[in-house]
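# Working through the structure, step by step
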Amino acid sequence: MFSEALSLAKRPAILVGGGAYKAREAIAEFATANGIPCFRTWNAFDIITDDMPIYCGTVGTYGGPGRNFGIQNCDLLLALGCRMSGRITGGMPNTFAREAMRHVVDIDKVTSEVDYQLVLSHHHYTQSCEKFMRELEYDGGAQWPDWLARCRTWLYKYDPVLAYTDFEGHYHKMRRLSQSLPADAIIVYDTGGNAIMMGHCFQSKRGQRIFSSNGNTPMGFSMCGAIGAWFAEPSRPVHCIIGDGGMTMNIQELQTMVNYGVDITIHIFNNHILGNTKSYQRVNGMKEVACGPDGYNPPDFVKVAKAFGVKVNDIVDHDACTYEPRISRWDVPVEDAYPFLPRDEFASNMIIKPWKGWEKIM
């Protein structure tokens, strides 16, 4: 069924979620052979990596590279191991890939009428992604080099890091960190602002293993997750990416590292505030309380680390909590991210018809 639809498509796309990890080699091989643009969720950094020529963006309400133009303009969507949550679709799920025939592969049955997969799928395959890819037959008759090239153009043109001119700021530092990490690294990242910056700025490499706790997002997870990863794979370099709020909750684990000789590198993105919460307060015109400096101040992590005899990278950008692009309203589709593009530029990126009311956005 999908193969027949693919042979007729003009703008196919593959959306990859964390549930597709075991099928990663088959997906990459199939998409590369046929020139199909691939997009990923936050749980798929290490499935479709930035160094693959088929990678075309990280999608969702913090869409990041590409501003979701590729996924929204497709006419055939294959979603693999992705639960299609509101973080992917935005507040109006019926506008997500709205002119595409949508094929969704997920091992879980869809039973709830409010499940986004049910809303968004024209064809639902209740099976593993490995089985689906193994049984997928396509003769390769159609190829889409021009479509792939356009999606890649969106990827580079709307790179969030390029929008920031402060080369000492968090976005550039996250990008430089990602470029410095080796291809065999295990990377565990935390929640809040540093998770958003991962989606916007981090460039992954094939061979890396990248974890987080997306969905639950408990502050401080990456520290204990990185320690666990080291015990599982002590021969590989392990890196913990964490904010100052999460690290403040984990200071005692520095003693665990010392006691057991745990060799991990901790990168603290320190803005002296609880950035994601403060950003929400600031964007919504609320009183900025309990997020720093009012009600919260992190310690001097360099001094703390020295007290335990541990080396630490403390990356400082005081009071930084602007995480853009993002969906600022739940009544716009995910391709129209804030800061809003000039209306003529926005329209020029739409192959499908823009959403009703697009011209009035300021």
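To keep things clear, this report deals only with the structure shown in the data block. Within every chain, residues take consecutive numbers counted from 1 along the sequence as written. Local features in a predicted model are, by the rule used here, given only for residues with pLDDT of at least 70; side-chain atom pairs are given and counted only at 80 or more, and totals for whole chains, interfaces and linings are based on all residues. Just so you know, side-chain values use all the structure's heavy atoms and leave hydrogens and water out.

Our focus in this paragraph is the environment of M1. Within the fold, M1 resides in the segment before α1 (2–8). Relative accessible area serves as the criterion here: at 58%, M1 is assigned to the exposed category. With 122 residues separating them along the chain, M1 and H123 place their C-alpha atoms 8.8 Å apart. Contacts are assigned to residue pairs that have any heavy atoms within 4.5 Å of one another. In this view, M1 contacts H103, H123 and Y125; residues no more than four positions away in its chain are not counted. The helix and strand labels rest on DSSP assignments: H or I over at least four residues marks a helix, E over at least two residues marks a strand, and numbering proceeds from the N terminus. Accessibility here uses a 1.4 Å probe with only protein chains present; expressed as a share of the type maximum, an area under 20% marks a residue as buried, one over 50% as exposed, and anything in between as partly exposed.

Our next topic: the packing of helix α12 (residues 253–260) against helix α14 (residues 301–308). The axes used here are C-alpha line fits, helices contributing only the stretch in contact, and every angle between their N-to-C directions lies in the interval 0 to 180 degrees. At a closest axis distance of 10 Å, the pairing of α12 and α14 adopts a crossing angle of 35°. Seen along the crossing, α12 lies across α14 with a hand that is right-handed. Touching L254, Q255 and V258 of α12 are V304, A305 and F308, all from α14. A class-by-class count of the residues in the contact of α12 with α14 yields five nonpolar, one polar and no charged. By definition, any crossing whose near helix is turned counterclockwise from its far helix by less than a right angle is left-handed, and any crossing with a clockwise turn is right-handed. Any residue that is not Ala, Val, Leu, Ile, Met, Phe, Trp, Tyr, Cys, Pro, Asp, Glu, Lys or Arg is counted as polar, Gly included; the first ten are nonpolar and the last four charged.

Let us look at the sheet that holds strand β2 (residues 38–40). The strand order across the open sheet formed by six strands is β3-β2-β1-β4-β5-β6, and the pairing between neighbours is parallel. Edge positions in the sheet fall to β3 (55–58) and β6 (123–126), since each has one partner strand and no second. For this sheet, the mean inter-axis angle between neighbouring strands, taken without regard to orientation, is 20°. Here five bridges tie strand β4 (residues 76–80) to strand β5 (residues 101–106), and the two strands are oriented parallel to one another. When the sheet's bridge partners are listed, A79 is paired in β5 with V104. When DSSP finds at least two bridges between two strands, those strands are taken to pair.

What follows covers unusual backbone geometry. Glycine aside, residues mostly have negative phi, and peptide bonds are mostly found in the trans state. Following G292, the chain continues to P293 via a peptide bond in cis, the omega torsion being -5°. Take P293: it is sitting in the loop between α13 (275–283) and α14. Of the consecutive residues Y338 and P339, the connecting peptide bond is found in the cis state with omega at 0°. Among the structural elements, P339 can be located in the loop between β11 (313–316) and α15 (343–348). Despite not being glycine, A97 shows a phi value in the positive range, around 45°. Mapped onto the elements, A97 comes out in the loop between α4 (86–89) and β5.

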